[in-house]
Amino acid sequence: MQAPAAPGTYALVLILDRPRRIAVGHLGTFDFPAGRYVYVGSALGPGGLAARVARHLRREKRLYWHVDYLLRYARVAEVWIRPGLGRRECAWAHATTALPDATIAVPRFGASDCRCAGHLVCCTAKAVWQEAERCFEASV
Ligand SMILES: [Zn+2]
């Protein structure tokens, strides 16, 4: 999938194949259960969604964002994008957190600049994915 070089909001669906203890920069070290995760963020700067998504998918990089630490072990299964100047990441994080079986994976993960409980949600139920997409549609 090719993301446009436009600003927007994105969600990464991540799969961690086995449990991992991961040091997440200054946030601390946490035990991540194996499973599916949704990470939401926005790319409103130069290069937009294309640059940000490409960076997330690149293996070699300086570890900067919290999700960079998780991405050393997890694989990206899906990338959802929504071009637009609106900063929707917090709305998406709230919507994802409210889904059945969803839990905040690590408090404050990816949420250094906002008041959210976290921008990384651990989800287990398969049905969650259709539901999440409806939530994102509704948040526009
Ligand atoms: Zn937030």
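Novice: For the sheet that holds strand β4 (residues 35-43), give the residues involved together with the corresponding values.
Specialist: Adjacent strands of a sheet pair through backbone hydrogen bonds, lying either parallel or antiparallel. Taken in spatial order, the five strands line up as β5-β1-β4-β7-β6 in an open sheet, and their pairing is antiparallel. Of all the strands in the sheet, just β5 (75-83) and β6 (103-104) have a single pairing partner and so form its edges. Where strand β1 (residues 8-16) lies against β5, eight bridges are found, and the strand directions are antiparallel. Note that in β5 the partner of A11 across the bridge is W80. Helix α1 (residues 48-57) contacts β1, β4 and β5 of the sheet and is inclined by roughly 15 degrees relative to β1. Contacts between helix α3 (residues 89-97) and the sheet are confined to β1, β4, β6 and β7 (120-123), with β4 contributing the most and set at about 160 degrees to the helix.

Novice: So what's going on with the environment of A11? Which residues, and what values?
Specialist: Locating A11 in the fold gives a position in strand β1. Judged by local crowding, A11 falls into the buried class, with 25 C-beta atoms found within 10 Å. Counting along the chain gives 82 residues from A11 to A93, while the straight-line C-alpha distance between them is 9.1 Å.

The rules behind each value
- Residues numbered from 1 in each chain as written.
- Predicted model: local features only at pLDDT ≥ 70, side-chain atom pairs only at ≥ 80, totals over all residues.
- Pairing = 2+ DSSP bridges.
- Helix = DSSP H or I, 4+ residues; strand = E, 2+ residues; numbered from the N terminus.
- Contact = placed C-beta atoms within 7 Å.
- Axes fitted to C-alpha atoms, helices over the stretch in contact; angles between N-to-C directions.
- Buried ≥ 20, exposed ≤ 12 C-beta atoms within 10 Å, placed from the backbone.

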